[in-house]
Amino acid sequence: MLGPDDPPAVAIHGFGQRSPAVVVCDHGFNTVPRSLDSLGVAPEVLEQHVAYDIGAGALSLALAERLALPCVQARYSRLVVDCNRDPSGPASMPPVSDGHVIPGNAAVSPAERAARLAELFEPYHAAVAQALMGTGHPFPALIAVHSFTPRMQGRARPWHCGVLWNRDPRLPLPVLAALRADTGLQVGDNEPYSGRDPSDYTVSRHAGRHGRPHVCLEIRQDLLQDPRGVSDWAERLDRVLAPLLDDPALYAPWGER
């Protein structure tokens, strides 16, 4: 499916290994392989949240650089294959997303589905697994970076950021507390999305199932519209995360603390 002019499926950035942790970004790009002819979607739609998490790619990179950690990014639009959804489910290659019809996903053949998974989905998750193994620790931490829209279905979303988590509180609760101590920030606890949603995939596959500490961060997109906004949020998250990741006690398997 990928041609010689298409970028690779995964971007892997090495900024050192200050602590046994990895930063990942599932939805940081809106790229579509040339062979799929933009999935029949108008260019302006590919510039919207339906296609990718605006600002998340830049933020994940800036944060990883500040924390001196590896960063693994999926390079293709979630409309081609959503790397944060179960590959066997309908949300993996949605025919309709956020009210937009995706013609290129209307009748994906078994062969094309297999190609998208083999060339885009599995290489990304293999790279995440390899980066976690490369930390040299059996219970490394996973930090997932996403962004969300300021409005959804006509309703304003007041949160500046959200902390998503399920059962393991080791990173989410101190991150919540530290962010809420930042004057002027409205921080969502499992808002505007919930880390308890069973459709989420990456954190569960690489961390939750293995007793590894983890957190999923959601930043509102209008706060990441320019390099200054990205830099400010990378600095803020670095201040919050660095002391937590420097604590060796974080890396015990969950349930054995």
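**Q** Whenever I open this one, the packing of aromatic side chains confuses me. Can you help?
**A** For any two aromatic rings, the description comes down to two numbers: the centre-to-centre distance and the angle of the planes. In the structure shown here, the tally under the stated rule is one aromatic pair. Between F121 and Y201, the aromatic rings sit 5.5 Å apart at their centres with planes inclined by 50 degrees, giving tilted as the arrangement. Pair noted here: F121 is in helix 3 (residues 110–133) and Y201 is in the loop between strand 10 (187–189) and helix 5 (202–206), with a separation of 80 residues, a long-range link. Residues F121 and Y201 agree in their burial class; the two are buried. The aromatic ring of W165 is capped on one face by R196, whose charged end is 4.8 Å from the ring centroid. Over the ring of Y201 we find R209, and its NZ or CZ is 6.0 Å from the ring centre.

**Q** Would you take a moment to explain helix 3 for this structure?
**A** Because an α-helix packs 3.6 residues into every turn, residues spaced three or four apart end up facing the same way. An ideal rise of 1.5 Å per residue puts 34 Å on 24 residues; helix 3 measures up with 32 Å between its terminal C-alpha atoms. Taking the largest bend as the criterion, helix 3 deviates by roughly 35 degrees, centred on L117. All of the buried residues in helix 3 are R116, L117, L120, F121, Y124, H125, A127, V128, A131 and L132. Elements in contact with the buried residues of helix 3: strand 1 (10–13), strand 2 (21–25), strand 3 (71–74), strand 6 (141–148) and helix 5.

**Q** I would appreciate a short explanation of the pattern of salt bridges in the present structure.
**A** Side-chain pairs of opposite charge can arise whenever the charged atoms involved come near each other. Inspection of the entire model under this criterion finds 11 salt bridges. E122 is the partner of R205 in a salt bridge, and the nearest nitrogen-oxygen pair spans 3.5 Å. Within this pair, whereas R205 is found in helix 5, its partner E122 is found in helix 3, the two being separated by 83 residues in sequence. In this structure, D168 and R170 form a salt bridge, with 2.5 Å as the shortest nitrogen-oxygen distance.

Analysis parameters
Residues numbered from 1 in each chain as written. Predicted model: local features only at pLDDT ≥ 70, side-chain atom pairs only at ≥ 80, totals over all residues. Heavy atoms only, no water. Phe/Tyr/Trp six-rings, centres within 6.5 Å; stacked < 30°, edge-to-face > 60°. Helix = DSSP H or I, 4+ residues; strand = E, 2+ residues; numbered from the N terminus. Buried < 20%, exposed > 50% of the residue type's maximum accessible area, 1.4 Å probe, protein only. Lys NZ or Arg CZ within 6 Å of the ring centre and 35° of its normal. Expected span 1.5 Å × (residues − 1). Bend = angle between axes of the 7 residues up to and from the residue. Contact = heavy atoms within 4.5 Å. Salt bridge = Lys/Arg side-chain N within 4 Å of Asp/Glu carboxyl O.

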